[in-house]
Amino acid sequence: MFDPFIAPSGTLLGLLQRGRGDGTLHALAAPRPEALAALNHCVVSDPRHDWQVENRSLYYARLYLDLDGGIEEIERHLADPDDHIDTDDSRTGLALSVLGHLASYGRDDALALLRRYATTGANWTWALDELALRDDDAGLRSLALPVLARFPATDQGAADLAAAVRDSFEPRPWRLWADDPREAVGARVRAAGEQGSFDRWQRQMRPGGPRPGWSVQAVFDWAQQALERGSELHVPAARCLTAVAGPDDLPQIVEAARSGPEGARCAALHYLAEASEPVVLDLIEAAALSPSRTVAHTAIAAFERMTGADAVERARRWAHRPDALGASAAGVLACRGTAQDAPQVLGALREAVRGDGPDAPRLWTLVDGAGRLGIACAAPVLRHVYRETSSSHLRGRAARALAATDPSFATGFAVECLWDCEETTREVAALHAETGDIRVAERLRRLAADPAEEAEVQTAVRSRIGPDASAV
């Protein structure tokens, strides 16, 4: 999947693509056709950089309800011939999830479209999972024959059916179909379930590949062979070293971390870092300059896993470096430093935004660190990250950091965060938004009554509107 085009943050489309609360507020104030066009664009052209972890479906479904929007554009998207060419989940997953939420809100047209797509669409398993959560037993039973027709009565068809039953995310439809008295339904699904269980048992009993022998050198050889095959097993190899290495093996492990083959060197660095051996910090500093990207990246990753005071002290020395190790050291200070490290964390935060923009991967720990350390003068940078990042997860982290550093958060961004696409961000907003704003009081009540809202958000809301919270 190509990275999506994200419109500027000051536009309605850009706000909706980011999942910002202001997107909903602006859409409700905009001309309805313009708002629906932007909403449909987002749903059929998934704007998320990481669609597996970022939330948008409930956010978009709620906006469809608020705008009384139809689902014709979603239907056209699902019926497009590309559906059977581009079968990646990312093409249709968001649209199907939106339909699922609409169905849970009582939209019969969304439920009917999910049923149709489950019988004809390429991503039918996703649609079936949505229906498993929302449809009634009669509706699911009506899909048995169309779904089973996807699997021909051949050995390969039986194997594919067994895999579908075994790997289903929501087993409810298959359990209903297994109880069906028809031979072509119940008996076939039960047989597939038994075969899937047997396949799972076989996988558990069968060795998953080569395993290291019980010696330090055997573990190093295993790690090196895996790397040569294209698999990085440095961390598992380090765990194996923990099991087999004794005090007498330390010189061999140190030497491997200093100058061994790539796979052995990486495993040794992780082992020494986990063991907090004093020599490892010097070895990490040398490895970070290695011409091998694998060794350099592993050295930095090993350092970031260290939690001792010596690692923090070394991070203070390295944080001024203009390389990847310096950036990593700033992240360590953000996670584990103290108030004395605030200037270095702030400097790294500003440099990351200035050099790599508001979506830089290293911003995640730096933003968290600014909030953890309560760096008040970081608020302008955090506000910029909040507005501009296309990652709803990073925006949520920025909101939490602003709640700890920006006195204006409660009357500013916290209000719009009540409409944010991420439940963790809505939770922060529910705890901090100033209730003097009439929009806040009404939104809190609506979230408290919405059965689709996450339990953590509703708990935060009730802490503001309970019997002792007379302000709301």
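In this report, the structure presented in the accompanying data block is examined. (Residues numbered from 1 in each chain as written. Predicted model: local features only at pLDDT ≥ 70, side-chain atom pairs only at ≥ 80, totals over all residues. Heavy atoms only, no water.)

1. What to know about the overall build of the protein
Here is step 1: Of regular secondary structure, the protein possesses 29 helices and zero strands.
Here is step 2: Along the longest, intermediate and shortest principal axes, the C-alpha atoms of the protein span 70 × 65 × 45 Å.
Here is step 3: The buried share among the 472 residues of the protein stands at 50%.
Here is step 4: Long-range pairs, those at least 24 residues apart, make up 65% of the contacts in the protein between residues at least 6 apart in sequence.
Here is step 5: When the accessible surface of the protein is totalled, it reaches about 22000 Å², and 53% of it is carbon and sulfur. (Helix = DSSP H or I, 4+ residues; strand = E, 2+ residues; numbered from the N terminus. Buried < 20%, exposed > 50% of the residue type's maximum accessible area, 1.4 Å probe, protein only. Contact = heavy atoms within 4.5 Å. Areas by Shrake-Rupley, 256 points an atom, 1.4 Å probe, with all protein chains shown as cover.)

2. Describing a negative patch on the surface
Here is step 1: The grouping of Asp-80, Asp-82, Asp-86, Asp-88 and Asp-89 at the surface amounts to a negative patch.
Here is step 2: Relative to the helices and strands, Asp-82 resides in the loop between α5 (72-79) and α6 (89-104).
Here is step 3: Given the relative accessible area of 40%, Asp-82 is considered partly exposed. (Patch = residues over 30% accessible without salt bridge, like charges linked within 9 Å, V, L, I, M, F, W, Y side chains within 5 Å. Salt bridge = Lys/Arg side-chain N within 4 Å of Asp/Glu carboxyl O. Lys, Arg positive; Asp, Glu negative; His and termini not counted. Charge placed at Lys NZ, Arg CZ, Asp CG, Glu CD.)

3. Some remarks on the side chain of Arg-316
Here is step 1: With respect to the helices and strands, the residue Arg-316 is situated in helix α20 (residues 309-318).
Here is step 2: Overall, the relative accessible area of 18% leaves Arg-316 in the buried class.
Here is step 3: Ignoring any residue separated from it by four or fewer positions in sequence, one finds Arg-316 in contact with Leu-333, Thr-338, Gln-340, Asp-341 and Gln-344.

4. Focus: unusual backbone geometry
Here is step 1: In this model, Asp-68 sits at a positive phi of 50 degrees, which is unusual for a non-glycine residue.
Here is step 2: Note that Asp-68 resides in the loop between α4 (57-67) and α5.
Here is step 3: The phi angle at Ser-276 is positive, at roughly 55 degrees, despite the residue not being glycine.
Here is step 4: Relative to the elements of secondary structure, Ser-276 occurs in the loop between α17 (262-274) and α18 (280-287).
Here is step 5: Residue classification places Ser-276 among the partly exposed positions, given a relative accessible area of 36%.

5. Observations concerning the nonpolar core
Here is step 1: By size, the foremost hydrophobic cluster in this structure holds 89 residues, and its most contacted members are Phe-220, Ile-284, Phe-303, Leu-349, Leu-363, Val-367 and Leu-418.
Here is step 2: It is α17 that provides the largest number of residues to this core, a total of eight residues.
Here is step 3: For Leu-418, the contacting residues outside a window of four places in its chain are Arg-426, Ala-429, Ala-430, Ala-433, Val-440, Arg-443, Leu-444 and Leu-447. (Core = buried A, V, L, I, M, F, W, Y, C linked by side-chain atoms within 4.5 Å.)

6. Details of the packing of aromatic side chains
Here is step 1: One pass over the structure, following the stated rule, counts six aromatic pairs.
Here is step 2: Taken together, a centroid distance of 5.0 Å and an interplanar angle of 75 degrees make the contact between Trp-174 and Trp-177 edge-to-face. Taken as a pair, Trp-174 and Trp-177 lie in helix α12 (residues 172-178) at a separation of three residues, close to a single helical turn. Across this residue pair, the class does not change: Trp-174 and Trp-177 are buried. (Phe/Tyr/Trp six-rings, centres within 6.5 Å; stacked < 30°, edge-to-face > 60°.)

7. Concerning the packing of helix α22 (residues 342-356) against helix α23 (residues 363-372)
Here is step 1: Packing of α22 against α23 brings their axes to within 10 Å, and their N-to-C directions diverge by 140 degrees. Put simply, α22 runs oblique to α23. The two elements α22 and α23 cross, and the hand of that crossing is left-handed. Of the residues in α23, those in contact with Val-345, Ala-348, Leu-349, Ala-352 and Val-353 of α22 are Leu-363, Leu-366, Val-367, Gly-369 and Ala-370.
Here is step 2: Its residues assigned to classes, the contact of α22 with α23 comprises nine nonpolar, one polar and no charged. (Axes fitted to C-alpha atoms, helices over the stretch in contact; angles between N-to-C directions. Parallel < 35°, antiparallel > 145°, perpendicular 65-115°, else oblique. Left-handed = near helix turned anticlockwise from the far one by under 90°. Nonpolar A, V, L, I, M, F, W, Y, C, P; charged D, E, K, R; others polar.)

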